[in-house]
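# Structural features, examined
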Amino acid sequence: MHLATAKWYDRRDSVFVEFCVEDSKDVQVNFDTSKIHFSCLSGTDNIKHQNTVDLFGEIDPKGSKHKRTDRSVLCCLRKAEAGKSWPRLTKDKTKNNWLSVDFSNWKDWEDDSDEDLSRFDKFSEMMNNMGGEDLPDFDAADDEHDSADSDDE
């Protein structure tokens, strides 16, 4: 039994975890409110990988999903509490050799304006609908700002 190596990064409403396993088969990902279970077979030798991650925060299992590619399995964990940043993926502070931060996708989103955030939150939807109407809806972010000014009644 092997631990799959993984990279992760934080977004406003989701946490992304990518298990770096090539040519995976029999992929199973189970989302729980406070942990995820990942397992698969890989390569011609059918090496079994299995990871259980006790998460830093709670997620919405129904809103979470995963997507398999030939090079990895990407999991999108929908945060139970959007807008709360996760300083780390795991509940305990122990350094896990198999886990690293995905610096190419890491973004300090807490300093962003709302408009940037709404654009980045569309990224999680990309995993849902690969195609179709995925034009960013910037109106939602604008409404929040306008509502304070529209008390002219």
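In case you missed it, the structure is sitting above this.
These lines cover the structure that appears in this document, whether it is placed above or below. (Residues numbered from 1 in each chain as written. Predicted model: local features only at pLDDT ≥ 70, side-chain atom pairs only at ≥ 80, totals over all residues. Heavy atoms only, no water.)

Two side chains with opposite charge may pair up if their charged atoms get near one another. Under the definition given, this model contains 4 salt bridges. For Arg78, the salt bridge identified is with Asp13, shortest N-O distance 2.9 Å. Linking Arg78 in strand 7 (residues 73–78) with Asp13 in the loop between strand 1 (6–10) and strand 2 (14–19), this pair joins segments that are 65 residues apart in sequence. Under the relative-accessibility criterion, Arg78 is labelled partly exposed at 24%. According to the relative accessible area criterion, Asp13 is buried, its value standing at 12%. The salt bridge partner of Asp70 is Arg68, with a shortest N-O separation of 3.6 Å. Under the relative-accessibility criterion, Arg68 is labelled partly exposed at 37%. (Salt bridge = Lys/Arg side-chain N within 4 Å of Asp/Glu carboxyl O. Helix = DSSP H or I, 4+ residues; strand = E, 2+ residues; numbered from the N terminus. Buried < 20%, exposed > 50% of the residue type's maximum accessible area, 1.4 Å probe, protein only.)

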